[in-house]
Amino acid sequence: MHEFTPEVEALAKEVLEYSLIRLRTDPPLDGPKTAQELYELAGNTITAKGLGGHEALNLFKDVLAKACISTDHPRYLAFIPSAPSEYANLFDLVVGASALYGGSWLEGAGAVFAENQALKWISDLAGMPETSGGVFVQGGTIGNLSALVTARNTFREKRKDVSRWVIAASSDAHSSIKSAADVMDIGILLINPNQDGSLQADSAAAAIDKYHSENPSHQVFALVATAGTTNLGIIDDLEGLARCAKSRDIWFHVDGAYGLAALCAPSVRPLFNGIELADSLIVDPHKWLFAPFDACALIYRNPKLAKAAHLQKAAYLETLDDEDEWNPSDYAIHLTRRARGLPFWFSLAAHGTDEYAKAMERTMEVARDAAEQVRNHKNLKLVIEPSLSIVAFERVGWERADYEKWSDQLLADQIGFVTPSAHKGKPILRFAIVNPWTKESDISAILATL
Ligand SMILES: *Cc1c(COP(=O)(O)O)cnc(C)c1O
């Protein structure tokens, strides 16, 4: 049936061999080049006759891949790194070879069934009801937006007298929350967190009530809590905020893109108490659950409300709308989707959940050790005791430019990738440790340059 010619066969061997080498060995960190530099090295790659698979692969190996930072390198500690398990990466090859359609049960029942079990592991850890459910979307940004669109839709049906819909969140909430408000053309009430950086129920309640009394025709319809801020790993008061939201008939959404992964880590599970009250939550397996890009688990307490908001209606789609079948397309802003939850599912199914807890605890052990190393370093000052796996600190006496220069040099020397951030207006450095292969000695190697 397929034209799997000897030429394709030969290329298959080359591609698999390259993939295996990439998986087997720690690649160099590598780093970006300018478009001009890349053009000089790669030239125009799109031609009428084609380069041939061998040539195109070589171009990728020798030029393009080297201009991409390896996000799974144990000393890539900037932003939030990625640390897919070998199993997850290997299974991504299978997903790529399988032409799966992940949007509907009719087409992808087996894949969707498996994805849903992986989602259920997360919703069970959170203590959500049996009837909860959701979908893997591209990332936390789309997850947050889809959840908030569901929330607004739910309230819009009930309240026709509202002139402006508004969400409430900590001023330290992730940029994607503000972006969602922009996209939805709604207001956002930003509330100052406490001194320790967490949003607390009393501040949220006071701010929301004050806002409503000053703006009688506006309605705060969702309160967003962050379970692990990206910058410092701070967890808002989930239990208190949940009650604050419930008592005001407001949707409670928890953005745990980074931090909620630690629901499976017994040592920190109590920090997330109250998560069981969420109307919706997100967590990115591509961040701290050892899955490759791109996968965000979006889970709703009542998925029917999500379907009411997101189901696309079109003549050619009507055949798909069967009450008893779970169509992942119906639960977020998307239609066609790859079965992006499968690499995560495979790794989880193959390793078992205990391994996940262990790997998670290991990253936090390294984070605690890193904090200790920072405390013992004469030039450094810890910004905050890490509650999860982010370690933030200052280099005493440095200006922003010093941080930038150091960071560039660290990458140029291929020692590590750590970028400056800011806290309370001051530049800081932060290590985000999500890779179980990051060792205490990796941290020491980086700290030795400070
Ligand atoms: C990373 C992050 C997001 C955005 O997720 P993407 O997958 O990058 O779109 C949202 N919220 C928090 C708290 C995050 O850490």
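Relevant structure appears above.
Undergrad: How should the sheet that holds strand 10 (residues 420-423) be read in this particular structure?
TA: Adjacent strands of a sheet pair through backbone hydrogen bonds, lying either parallel or antiparallel. Within the open sheet, the four strands sit side by side as 8-9-11-10. Their pairing is antiparallel. Pairing within the sheet leaves two strands with one partner each, and these edge strands are strand 8 (380-382) and strand 10. Across this sheet, the average inter-strand angle for adjacent strands is 45°, counted without regard to direction. As paired strands, strand 10 and strand 11 (residues 426-432) are joined by four bridges and run antiparallel to one another. When the bridges of strand 11 are listed, histidine 423 appears paired with lysine 426.

Undergrad: Just to check I follow, could you spell out the nonpolar core for this structure?
TA: For soluble globular proteins, nonpolar side chains are generally found buried alongside one another. Counting 62 residues, the largest nonpolar core has Val254, Phe272, Ile275 and Phe344 as its most contacted members. If near-sequence neighbours (up to four positions away) are discounted, valine 254 is found in contact with Ala225, Ala227, Leu238, Leu260, Ile275, Ala278, Ser280, Leu281 and Ile282.

Undergrad: I tried to follow the pattern of salt bridges on my own but got confused; where do I start?
TA: Within this structure, the stated rule accounts for 22 salt bridges. In this structure, arginine 337 engages glutamate 115 in a salt bridge whose closest nitrogen and oxygen atoms are separated by 2.9 Å. Taken together, the positions of arginine 337 in the loop between helix 11 (303-310) and helix 12 (342-351) and glutamate 115 in helix 5 (residues 105-126) put the pair 222 residues apart, joining distant regions of the chain. Across this residue pair, the class does not change: arginine 337 and glutamate 115 are buried. Residue glutamate 130 is joined to lysine 120 by a salt bridge in which the shortest nitrogen-to-oxygen separation is 3.5 Å.

Undergrad: Help me out: how do you make sense of the site of the ligand in this one?
TA: What surrounds the ligand is a group of 14 residues, the closest being Gly140, Thr230, Asp255, Asp284 and Lys287. Within the side chain of threonine 141, one N or O atom sits 2.7 Å away from an oxygen atom of the ligand. A distance of 2.8 Å is found between an oxygen atom of the ligand and a side-chain nitrogen or oxygen belonging to lysine 287. Coverage of the ligand by the protein amounts to 87% of the 380 Å² it exposes when considered alone. Looking at the shell around the ligand, the elements that each hand over two or more residues are helix 6 (140-158) and helix 10 (285-288). Ranked by residue count, the leading element in the shell around the ligand is helix 6, at three residues. Here the residues of the shell around the ligand sort into two nonpolar, nine polar and three charged.

Undergrad: When you look at the packing of aromatic side chains in this model, what are you seeing that I'm missing?
TA: Aromatic ring pairs are reported here in terms of the distance separating the ring centres and the angle at which the planes meet. For the coordinates displayed, the defined rule picks out 18 aromatic pairs. Judged by centre distance (5.9 Å) and plane angle (75°), the ring pair of tryptophan 121 and tyrosine 356 falls under edge-to-face. With tryptophan 121 in helix 5 and tyrosine 356 in helix 13 (residues 353-375), this pair connects stretches of sequence that are 235 residues apart. Judged by its relative accessible area of 3%, tyrosine 356 is buried. Consider the rings of tryptophan 398 and tyrosine 403, whose centres lie 5.5 Å apart with planes at 90°: the pair is edge-to-face. For tryptophan 398, a relative accessible area of 21% translates into the label partly exposed. Judged by its relative accessible area of 1%, tyrosine 403 is buried. Taken together, the ring pairs connect Trp121, Phe136, Phe290, Phe344 and Tyr356 into an aromatic cluster.

Undergrad: Looking at this structure, how should I read the sheet that holds strand 6 (residues 280-283)?
TA: Here seven strands make up an open sheet; going across it, the order is 1-7-6-5-4-2-3 and the pairing mixed. Two strands bound the open sheet, and with one partner strand each, they are strand 1 (133-137) and strand 3 (187-191). Neighbour-to-neighbour, the strand axes of this sheet turn through a mean angle of 20°, independent of strand direction. Sheet topology places strand 2 (residues 164-170) next to strand 3; five bridges connect them, and they run parallel. Paired with valine 166 across the bridge in strand 3 is glycine 187. In the packing of helix 7 (residues 175-184) onto the sheet, the strands contacted are strand 2, strand 3, strand 4 (218-226) and strand 5 (251-255), and the crossing angle to strand 3 comes to about 155°.

Undergrad: How should I be thinking about unusual backbone geometry in this particular structure?
TA: Trans peptide bonds make up the majority, and among non-glycine residues the majority have a negative phi. Cis geometry marks the peptide bond from phenylalanine 293 to aspartate 294; its omega dihedral reads -10°. With respect to the helices, strands and loops of the structure, aspartate 294 is situated in the loop between helix 10 and strand 7 (296-300). Within the chain, aspartate 30 stands out as a residue other than glycine whose phi angle is a positive 60°. In this structure, aspartate 30 sits in the loop between helix 1 (6-24) and helix 2 (35-42). A positive phi angle, close to 55°, is found at aspartate 185, a residue other than glycine. Looking at where aspartate 185 falls in the secondary structure, it is placed in the loop between helix 7 and strand 3.

Undergrad: How should I be thinking about the pairing of strand 7 in this particular structure?
TA: Moving residue by residue along a regular strand, the side chains alternate between the two faces of the sheet. With five of five residues buried, strand 7 lies mostly within the body of the structure. Bridge count between strand 1 and strand 7: five bridges; the pairing is antiparallel. Of the residues in strand 7, the one forming a bridge with glycine 134 is isoleucine 299. Sheet topology places strand 6 next to strand 7; four bridges connect them, and they run antiparallel. Paired with valine 283 across the two strands is alanine 297, which belongs to strand 7.

Reading guide: rules and limits
Residues numbered from 1 in each chain as written. Predicted model: local features only at pLDDT ≥ 70, side-chain atom pairs only at ≥ 80, totals over all residues. Heavy atoms only, no water. Pairing = 2+ DSSP bridges. Helix = DSSP H or I, 4+ residues; strand = E, 2+ residues; numbered from the N terminus. Axes fitted to C-alpha atoms, helices over the stretch in contact; angles between N-to-C directions. Core = buried A, V, L, I, M, F, W, Y, C linked by side-chain atoms within 4.5 Å. Buried < 20%, exposed > 50% of the residue type's maximum accessible area, 1.4 Å probe, protein only. Contact = heavy atoms within 4.5 Å. Salt bridge = Lys/Arg side-chain N within 4 Å of Asp/Glu carboxyl O. Near = heavy atom within 4 Å. Polar contact = N/O pair within 3.5 Å; in protein donor to acceptor, adjacent residues only side chain to side chain. Areas by Shrake-Rupley, 256 points an atom, 1.4 Å probe, with all protein chains shown as cover. Nonpolar A, V, L, I, M, F, W, Y, C, P; charged D, E, K, R; others polar. Phe/Tyr/Trp six-rings, centres within 6.5 Å; stacked < 30°, edge-to-face > 60°.

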